[in-house]
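Read off the chains here:
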Amino acid sequence: MSTETVTLVEMGLRDGLQNETTPVPAEVRAQWFDALARTGLRRIEAGSFVSPKWVPQMASTDQVLAQIERHPGLWAEVLTPNLRGLEQALAADADVVAVFTAASESFTQKNINCSISESIERFRPVAEEARKAGKYLRAYVSCVVGCPYEGPIAPSRVADVVEQLLDLGADEISLGDTIGVARPREIHALLDAVLPLLPASKLALHCHDTRGQAVANIYAALARDIRIFDSAVAGLGGCPYAKGATGNVATEDVLYLLEGEGFATGVDLNAVARVGHDICTYLGRANPSRVGRALQS
Ligand code: HMG
Ligand code: MG
């Protein structure tokens, strides 16, 4: 039997740094991108082309893209909330562009200042231009299990948004447990509602680890044939518009699980742990990754 592959999409430099109080210079972000690429990660979010008034930490993402090393098969990915963001992403030659909305009206309003249906309309020309430019289009749905403002979210609401994003031509959908409230049973219920709409190979799971359930949730999703997971080195992350949400699940923790389960990732866990340690030292923060800490001790 051949080894099955799992793809990790590295979030640390976007979802991670967007939530740090001190902005990190583009030059340093580019160095971290290169260091992460050397660990074998092949999909790395480099930043976002959003309003710097909304998320100042992501300013100068164009400079990050200009300074990173490019290799065949290495994807530099960015968030593009509107046409203006997409134009910047195309000028910077990002490989993947990502639109983002939510299954909760309140969160969408707080995060991108519009309703869910307005967000879909805003994404229509973004998707069209991305397709013309030959870019891979990722689409995020946030708050897939719970919302910081509305509480529990029914899986049918998520399915409704996923359908609209597929209609736009999204190549891949990432389901975000933005505030880290999900448990395996809720992940199964979510996938029961969403998997009939698209092949499992087009679906990613994006877990925040606020309540320590992310690895269990990923394990549940693996059993449902999900093979793309978003994670952040050293568990960096959060969302400025989701108070109380802590970091993404740590890339180190996910890699440890995947290695144990016999999946191939092409990523060197020890090398990721070293980068995670260096980033935490730079930021002067503790390393929340249990695996990362164990490997450093
Ligand atoms: P708005 O205020 O409604 O839009 O913001 P606007 O068109 O009126 O523009 C306001 C100002 O922003 C204007 O500048 C525009 O030029 C500028 P001013 O005239 O005031 O000087 N602007 C831009 N600047 C740079 N790049 C752009 C851009 N667009 C407008 N692309 C907008 C709407 C979407 C722009 C705003 O709400 C925004 O930037 N939101 C971003 C929020 C964000 O980045 N959140 C975090 C990422 S989502 C997330 O973390 C969840 C995820 O990880 C998955 C999960 O965990 O669930 C993905
Ligand atoms: Mg997130």
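Structure: above.
Each chain has its residues counted from 1, running along the sequence as written. Note on labels: chains are lettered from A, ligands numbered from 1, in written order. Local features in a predicted model are, by the rule used here, given only for residues with pLDDT of at least 70; side-chain atom pairs are given and counted only at 80 or more, and totals for whole chains, interfaces and linings are based on all residues. Just so you know, side-chain values use all the structure's heavy atoms and leave hydrogens and water out.

(A) How the structure looks around the site of ligand 1. Near ligand 1 you find 29 residues, and of these Lys-53, Arg-84, Asn-113, Ser-142 and Thr-178 are the closest. In protein, a polar contact means a hydrogen-donor-capable atom and an acceptor-capable atom, both N or O and within 3.5 Å, with residues adjacent in sequence counting only if both atoms are side-chain atoms; elsewhere, any N or O pair within 3.5 Å suffices. Residue Ser-51 places a main-chain N or O atom 2.9 Å away from an oxygen atom belonging to ligand 1. In the model, a nitrogen atom of ligand 1 is placed 2.9 Å from a nitrogen or oxygen of the Asn-82 side chain. A run of DSSP states H or I qualifies as a helix once it reaches four residues; a run of E qualifies as a strand once it reaches two. Both are numbered from the N-terminal end. Element by element, the count of residues in the shell around ligand 1 is highest for helix α4 (residues 83-91), at 3 residues. Classifying every residue of the shell around ligand 1 by side-chain character gives 12 nonpolar, 12 polar and 5 charged. One heavy atom within 4 Å of a molecule or strand is enough for the residue carrying it to be called near that molecule or strand. Classification convention: Asp, Glu, Lys, Arg as charged; Ala, Val, Leu, Ile, Met, Phe, Trp, Tyr, Cys, Pro as nonpolar; all other residues, Gly among them, as polar.

(B) Quick look at the nonpolar core. Ranked by internal contacts, the top residues of the largest apolar core, which has 105 residues, are Val-141, Val-158, Ile-173 and Leu-175. At 8 residues, helix α2 (residues 26-38) tops the list of elements feeding residues into this core. Setting aside anything within four residues of it in sequence, one finds Leu-175 in contact with Val-141, Val-144, Val-158, Val-162, Leu-190, Leu-191, Val-194, Leu-203, Ala-204, Leu-205 and His-206. The criterion is simple. A nonpolar core is a set of buried Ala, Val, Leu, Ile, Met, Phe, Trp, Tyr and Cys residues joined through side-chain atoms within 4.5 Å. Burial classes: relative accessible area under 20% of the type maximum marks a residue as buried, over 50% as exposed, and values in between as partly exposed (1.4 Å probe, protein chains only). Contacts were defined at the residue level, with two residues in contact if any of their heavy atoms lie within 4.5 Å.

(C) Focus on the packing of aromatic side chains. Each pair of aromatic rings taken from Phe, Tyr and Trp, with Trp reduced to its six-membered ring, is defined by centres within 6.5 Å and is described as stacked if the planes are under 30 degrees apart, edge-to-face if over 60, and tilted in the remaining cases. Following the criterion strictly, the structure yields 2 aromatic pairs and no others. Ring geometry for Trp-32 versus Tyr-282: centroids 5.1 Å apart, planes at 90°, classification edge-to-face. Placement of Trp-32 in helix α2 and of Tyr-282 in helix α11 (residues 269-283) is noted, with a sequence separation of 250 residues between them. With a centroid separation of 4.9 Å and an interplanar angle of 45°, the aromatic rings of Trp-75 and Tyr-136 are classed as tilted. With Trp-75 in strand β3 (residues 75-79) and Tyr-136 in strand β5 (residues 136-142), this residue pair connects regions lying 61 residues apart in the sequence. Seen from the ring of Tyr-140, Arg-14 lies directly overhead, with NZ or CZ sitting 5.6 Å from the centre. Geometrically, a lysine NZ or arginine CZ counts as sitting over a ring once it is within 6 Å of the ring centre and also within 35 degrees of the ring normal. A cation over a ring is seen here: Lys-110 above Tyr-149, with NZ or CZ 4.7 Å from the ring centre.

(D) Seen up close, unusual backbone geometry. A positive phi angle, close to 65°, is found at Ser-60, a residue other than glycine. The residue Ser-60 is located in the loop between β2 (43-48) and α3 (61-67) in this model.

(E) Inspection of the coordination of the magnesium ion (ligand 2) at higher detail. In this structure, Asp-15 (OD), His-206 (NE2) and His-208 (NE2) serve as the protein donors to the magnesium ion (ligand 2), at separations of 2.0 to 2.3 Å. Mapped onto the sequence, the donors of the magnesium ion (ligand 2) take the spacing D-x190-H-x1-H. For the pair formed by His-206 and His-208, the shared burial category is buried. The rule for donors is simple: N, O or S, within 2.8 Å of the metal, or within 3.2 Å if the metal is Na, K or Ca. Water isn't counted, so a site may look like it is missing partners.

(F) Local environment of the environment of Pro-56. Checked against the element boundaries, Pro-56 lands in the loop between β2 and α3. Taking the relative accessible area as the measure of exposure, Pro-56 reaches 45% and is therefore partly exposed. C-alpha separation for the pair Pro-56 and Arg-138, spaced 82 residues apart in sequence, amounts to 23 Å.

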